[in-house]
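Structural overview
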Amino acid sequence: MDEKLLKLLSEINYPDMERDIVDFKMVKVAEFTGNDEILIILKNITNEEKFNILKKNIEDKMKGEFPEKKVTVELVKKEVKNIEVGAQLGEKEKSLSHIKHVIAVGSGKGGVGKSTVAVNLAIAMSKKGYKVGLLDADIWGPSVPTMLGTEDEHPFVNEKKKILPIENYGIYMMSIGYFIEKNLPLIWRGPLVTGALKQLMNDVEWPALDYLFIDMPPGTGDIQLTLSSDAKIDGVVIVSTPQKIAYIDAIKGIVMFQKLNIPIIGIVENMSYFQCPDTGKKHFIFGKGGGEYVAANYNIDLISEIPIDPKVTIQGDEGVPITEGLPGSPVTKAYVAACDKIVNFKYKAK
Ligand SMILES: Nc1ncnc2c1ncn2[C@@H]1O[C@H](COP(=O)(O)OP(=O)(O)OP(=O)(O)O)[C@@H](O)[C@H]1O
Ligand SMILES: [Mg+2]
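Once a new chain begins, its residue numbering starts again from 1 and follows that chain's sequence as written. Whichever chain is written first becomes A and whichever ligand is written first becomes 1, with later ones labelled in order. A pLDDT threshold of at least 70 governs which residues receive local features in this predicted model, and a stricter bar of 80 or more applies before side-chain atom pairs are shown or counted, although totals over entire chains, interfaces and linings include all residues. Neither water nor hydrogens contribute to the side-chain values; these are computed over all heavy atoms in the structure.

Helix and strand assignments follow DSSP, with helices taken as H or I runs no shorter than four residues and strands as E runs no shorter than two, numbered in order from the N terminus. Within the protein chain, the regular secondary structure consists of 11 helices and 13 strands. Its C-alpha radius of gyration of 27 Å places the protein chain more than 25% over the 20 Å reference for a compact globule of 350 residues. With the principal axes as the frame, the protein chain shows a C-alpha extent of 90 × 55 × 45 Å. Within the span of the protein chain, comprising 350 residues, buried residues form 49% of the whole. Pairs at least 24 apart in sequence give 73% of the contacts found in the protein chain among residues at least 6 apart. Each accessible area is a Shrake-Rupley result for a 1.4 Å probe, and residues are judged covered by the shown protein chains and nothing else. Accessible area for the protein chain stands at about 18000 Å²; split by element, carbon and sulfur atoms hold 51% of it. Averaging the locations of the 43 positively and 47 negatively charged side chains of the protein chain gives two centres separated by 4 Å. We compute the radius of gyration over the C-alpha atoms and compare it with the globule rule, which gives 2.2 Å times the number of residues raised to the power 0.38. A 1.4 Å probe rolled over the protein chains alone gives each residue an accessible area, and that area as a share of the maximum for its type sets the label: buried under 20%, exposed over 50%, partly exposed in between. Only heavy atoms enter the contact rule, under which two residues are in contact if any of them lie within 4.5 Å. For the charge count, each Lys or Arg is scored as positive and each Asp or Glu as negative, with His and the chain ends excluded. The atoms used to mark charge sites are NZ of Lys, CZ of Arg, CG of Asp and CD of Glu.

As a further point, take the packing of aromatic side chains. Each aromatic ring pair is described using two quantities: the centre-to-centre distance and the angle formed by the ring planes. Between rings of Phe, Tyr and Trp, where Trp is taken as its six-membered ring, a pair exists when centres lie within 6.5 Å; planes separated by under 30 degrees are stacked, by over 60 edge-to-face, and by other angles tilted. Summed over all chains, the structure comprises 7 aromatic pairs. Aromatic pair Tyr14 and Phe24: ring centres 5.9 Å apart, planes at 75°, arrangement edge-to-face. Taken together, the positions of Tyr14 in the loop between helix H1 (3-9) and strand S1 (27-33) and Phe24 in the loop between H1 and S1 put the pair 10 residues apart, joining distant regions of the chain. Seen from their ring centres, Phe345 and Tyr347 are 5.1 Å apart, and the 80° between their planes marks the pair as edge-to-face. Given the relative accessible area of 22%, Phe345 is considered partly exposed. Taken together, the ring pairs connect Tyr130, Tyr211 and Phe213 into an aromatic cluster. Charge-over-ring contacts are defined here by two conditions on Lys NZ or Arg CZ: a distance within 6 Å of the ring centre and an angle within 35 degrees of the ring normal. The positively charged end of Arg19 is found above the aromatic ring belonging to Phe24, 4.3 Å away from the centroid. Across the ring face of Tyr273, the terminal group of Lys282 is positioned such that the distance to the ring centre comes to 4.4 Å.

The interhelical angle for the contact between helix H7 (residues 244-259) and helix H8 (residues 290-298), taken along N-to-C directions, is 30°, at an axis separation of 10 Å. With respect to their mutual orientation, H7 and H8 come out roughly parallel. Where H7 crosses over H8, the two elements pack in a sense that is right-handed. Contacts from Tyr247, Ile251, Ile254, Val255 and Gln258 of H7 reach H8 at Gly290, Tyr293, Val294 and Tyr298. Gly counts as polar in this scheme, as do all residues outside two lists: the nonpolar Ala, Val, Leu, Ile, Met, Phe, Trp, Tyr, Cys and Pro, and the charged Asp, Glu, Lys and Arg. For the contact of H7 with H8, a count of residues per class yields 7 nonpolar, 2 polar and no charged. With axes taken as lines fitted to C-alpha atoms, and helix axes fitted only over the stretch in contact, angles between N-to-C directions fall between 0 and 180 degrees. Any angle between 65 and 115 degrees counts as roughly perpendicular, while under 35 counts as roughly parallel, over 145 as roughly antiparallel, and the rest as oblique. Definitions for this section: a left-handed crossing has its near helix turned counterclockwise from the far helix by less than a right angle. A right-handed crossing has that turn clockwise.

What follows is about the site of ligand 1. Neighbouring residues are identified by heavy atoms, a residue being near a molecule or strand if any of them is within 4 Å of it. If you check the shell around ligand 1, you find 17 residues, and the closest are Gly111, Lys114, Ser115, Thr116 and Asn270. In protein, a polar contact requires one atom able to donate a hydrogen and another able to accept it; more generally it is a pair of N or O atoms within 3.5 Å, and residues adjacent in sequence count only if both atoms are side-chain atoms. Between ligand 1 and Gly111 there is a distance of 2.8 Å, counted from an oxygen atom to a backbone nitrogen or oxygen. The side chain of Thr313 places a nitrogen or oxygen atom 3.2 Å from an oxygen atom of ligand 1. Notes on ligand 1: free accessible area 640 Å², of which the protein chains cover 78%. Secondary-structure elements contributing two or more residues to the shell around ligand 1 are helix H3 (114-127) and helix H9 (310-318). The leading source of residues in the shell around ligand 1 is H3, at 3 residues. Of the residues in the shell around ligand 1, the class split is 7 nonpolar, 7 polar and 3 charged.

So, about the pattern of salt bridges. For salt bridges, the criterion is a side-chain nitrogen of Lys or Arg within 4 Å of an Asp or Glu carboxyl oxygen. Within the structure shown, the criterion is met by 17 salt bridges. Counted as one network, the salt bridges with shared partners bring together Lys7, Glu11 and Lys61.

Each assigned domain of the protein chain is listed with its residue range as follows: domain 1 (3-75) and domain 2 (101-344). Start and end points for every domain follow an automatic or database-based domain assignment. Look at where the C-alpha atoms of domain 1 and domain 2 centre, and you get two points 54 Å apart.

The backbone of Lys161 sits at a positive phi, close to 65°, despite the residue not being glycine. Structurally, Lys161 can be placed in the loop between helix H4 (144-147) and strand S6 (166-168). What makes Lys161 exposed here is its relative accessible area of 69%. One non-glycine residue, Tyr169, lies in positive phi territory at about 50°.

Leu96, Leu121, Trp206, Phe213, Leu227 and Ile342 are the most contacted members of the largest nonpolar core, which has 79 residues in total. Broken down by element, the residue count for this core peaks at 8 residues, all from H3. In contact with Phe213, other than residues within four places in its own chain, are Ile103, Val105, Ala118, Leu121, Ala122, Met125, Val132, Gly133, Leu134, Leu135 and Ile342. Definition of nonpolar core: a set of buried residues of the types Ala, Val, Leu, Ile, Met, Phe, Trp, Tyr and Cys, connected through side-chain atoms within 4.5 Å. Listed in part, the 21 residues of the second largest apolar core include Ala30, Ile45, Ile58 and Phe66.

Set out below in structure tokens:
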């Protein structure tokens with residue numbers, strides 16, 4: 001930038017303030033261009049009215065000093081980083097690329113049963129004879145260690161300095177929960193969280209698995225973006241519950257994954273209904289048809305409807321998932337049905 005011009009600009013205050021625009025770091029460009037022109041480009045100004053006042057003040061000041069020059073004053077708009085479709089999916093080798101199918105289990109909303117679904121899909125898939133892993137990407141609220149009865153385990157590191165996954169029920173798993181003290185909240189900012197996630201992907205000796213399920217945190221934030229840009233994700237399972245307030249958030253998740261060019265395998269509607277054990281009658285406690293509505297309107301498969309069963313919670317809390325503890329239950333059957341859809345999904349060729 002031209003020092004002389006900067007000096008002049010530093011004599012111009014931001015309207016109604018006592019600080020000048022150079023001090024405010026609002027000057028992006030201040031140059032004499034080839035054709036007798038002075039070009040000033042300002043940044044970080046969102047108020048159009050204030051910009052117009054500044055533009056006039058700058059033009060007057062420059063004209064006073066350099067009457068023969070043409071003065072152009074422009075504003076760069078604040079850059080809004082848009083997710084470019086497929087932009088991050090570059091040539092560089094992605095994490096987890098040695099795993100046959102990496103399946104993210106996500107939702108827009110918290111508490112709809114993502115972790116429960118991820119854990120039970122993993123077990124149901126393993127019981128079909130596949131080699132299965134589970135990565136807990138919920139850095140703030142890891143629940144995989146508890147749900148799979150491994151919360152007191154501590155992972156070992158091998159001679160290659162890679163962390164060995166914990167194994168239980170035939171599942172290879174990893175979670176930040178194995179490294180932090182129980183009952184302590186994790187108060188981490190974005191970069192630490194994404195760093196931890198990358199370690200769980202890259203510094204863990206993940207065996208060559210047929211399926212690796214990833215339990216995602218709720219929402220559409222840093223973790224989702226890091227995973228989609230850094231890891232090979234072959235498909236996403238969206239978990240929702242039947243009520244409108246949940247599926248509206250599920251739609252946000254769907255739109256995000258579509259923008260990121262990640263195929264959506266389908267929706268699992270969790271807590272779909274309660275079937276009375278005495279009468280066999282289905283009660284739609286949380287309403288009816290949410291999953292169907294989303295599936296129809298977003299052209300996505302509804303791959304399973306999982307009933308409400310208090311045993312899901314009991315077994316999850318005790319570390320014996322229902323697919324492990326009650327293989328014949330309607331809930332387990334619903335998971336097996338979802339696994340069939342996941343196996344038969346048409347994955348993109350690599
Ligand atoms: N089908 C079901 N029937 C009964 N209880 C269920 C069912 N699915 C999940 N739950 C219970 O709902 C609670 C929330 O489930 P879970 O922790 O899996 O949700 P989440 O979406 O992972 O939550 P978070 O957003 O906090 O990660 C748990 O107590 C779980 O046992
Ligand atoms: Mg969870």
